[in-house]
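# Structural overview for review
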Amino acid sequence: MTAPKVKPIPDGMHALTPHLVCAGAADAIEFYKRAFNAVEEMRMPTPDGRLMHAAVRIGDSMLMLVDEFPEMGGHSPKALKGSPVTIHLSVVDVDATVAQAVAAGATVTMPVDDTFWGDRYGQLTDPFGHHWSVATHIRDMTPEEIMKGMSEMTAKGGPC
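## As for the overall build of the chain
When its secondary structure is counted, the chain shows three helices and eight strands. Moving toward the C terminus, one meets the helices and strands of the chain in the order β-α-β-β-β-β-α-β-β-β-α. By its C-alpha atoms, the chain is 60 × 45 × 30 Å across when sized along the principal axes. Across the 160 residues in the chain, those meeting the buried criterion constitute 36%. Of the contacts made within the chain by residues no fewer than 6 positions apart, 50% connect residues no fewer than 24 positions apart. Looking at the chain as shown, the accessible area adds up to about 9,700 Å², and 61% of this sits on carbon and sulfur atoms. The distance from the centre of the 13 positive side-chain charges to the centre of the 20 negative ones in the chain is 2 Å.

## Brief notes about unusual backbone geometry
The phi dihedral of Asn 37 is positive, around 60°, even though this residue is not glycine. In this fold, Asn 37 is placed in the loop between helix H1 (25–36) and strand S2 (39–45).

## Considering the pairing of strand S6 (residues 107–114)
Bridge analysis of S6 against strand S7 (residues 119–125) gives five bridges, and the strand direction is antiparallel. If you follow Thr 107 over to S7, its bridge partner there is Thr 125. The turn joining S6 and S7, which pair antiparallel and follow one another in sequence, is formed by four residues; a positive phi near 100° is taken by Gly 118.

## Concerning the nonpolar core
Judged by nonpolar contacts, the single largest core of 29 residues is most densely connected at Tyr 32, Phe 36, Ile 58, Leu 65, Leu 124 and Trp 132. With seven residues, the top contributor of residues to this core is H1. The contact partners of Leu 124, leaving out residues within four places of it in the chain, are Phe 36, Val 98, Ala 101, Val 102, Ala 106, Thr 107, Val 108, Thr 109, His 130, His 131, Trp 132 and Val 134.

## So, the sheet that holds strand S4 (residues 61–67)
Working definition: the strands of a sheet are paired by backbone hydrogen bonds and lie parallel or antiparallel to each other. Taken in spatial order, the four strands make up an open sheet running S1-S4-S3-S2, and their pairing is mixed. For this open sheet the edge positions go to strand S1 (19–22) and S2, each flanked by a neighbour on one side alone. In this sheet, adjacent strand axes meet at a mean angle of 20° when their direction is disregarded. Sheet analysis places S1 next to S4, joined by four bridges and oriented parallel. Its bridge partner lying in S4, His 19 is registered against Met 64. Sitting on the sheet, H1 touches S1, S2, strand S3 (51–58) and S4, and the angle it makes with S4 is about 150°.

Definitions and cut-offs
Residues numbered from 1 in each chain as written. Predicted model: local features only at pLDDT ≥ 70, side-chain atom pairs only at ≥ 80, totals over all residues. Heavy atoms only, no water. Helix = DSSP H or I, 4+ residues; strand = E, 2+ residues; numbered from the N terminus. Buried < 20%, exposed > 50% of the residue type's maximum accessible area, 1.4 Å probe, protein only. Contact = heavy atoms within 4.5 Å. Areas by Shrake-Rupley, 256 points an atom, 1.4 Å probe, with all protein chains shown as cover. Lys, Arg positive; Asp, Glu negative; His and termini not counted. Charge placed at Lys NZ, Arg CZ, Asp CG, Glu CD. Pairing = 2+ DSSP bridges. Core = buried A, V, L, I, M, F, W, Y, C linked by side-chain atoms within 4.5 Å. Axes fitted to C-alpha atoms, helices over the stretch in contact; angles between N-to-C directions.

Structure (structure tokens):
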């Protein structure tokens, strides 16, 4: 008798899953529960109490977390004095989600506003130094319409 075929991508996972190093992963789990309605899936503490692995589900996606392990090269954004990575979160109500995240301890780095690419969009930094963009798609646009909107924004001295 042959063993059943194992799925290369398990149910509930996507091809790409963020894995965050946090200074205080257990505290990060609690923050993500309050900020983004995360549901804890699992945690694996080491004998010294640090989390070697943990996972929460936000919406339909998994987010994996680990505590800092500097002795193994694992450093959080706080230890590195920042992060070049932004995690994008698509939600039904960006205004409510950003307000909830701020109430939980996040800092707004770009206020929510309607964008030229068809999203209502804002950016946050969580208490662990990770950057988040949060958006609700509000209108479908062609690539030409998006390019025109970007050109108009940059002509007015916008960010690009």
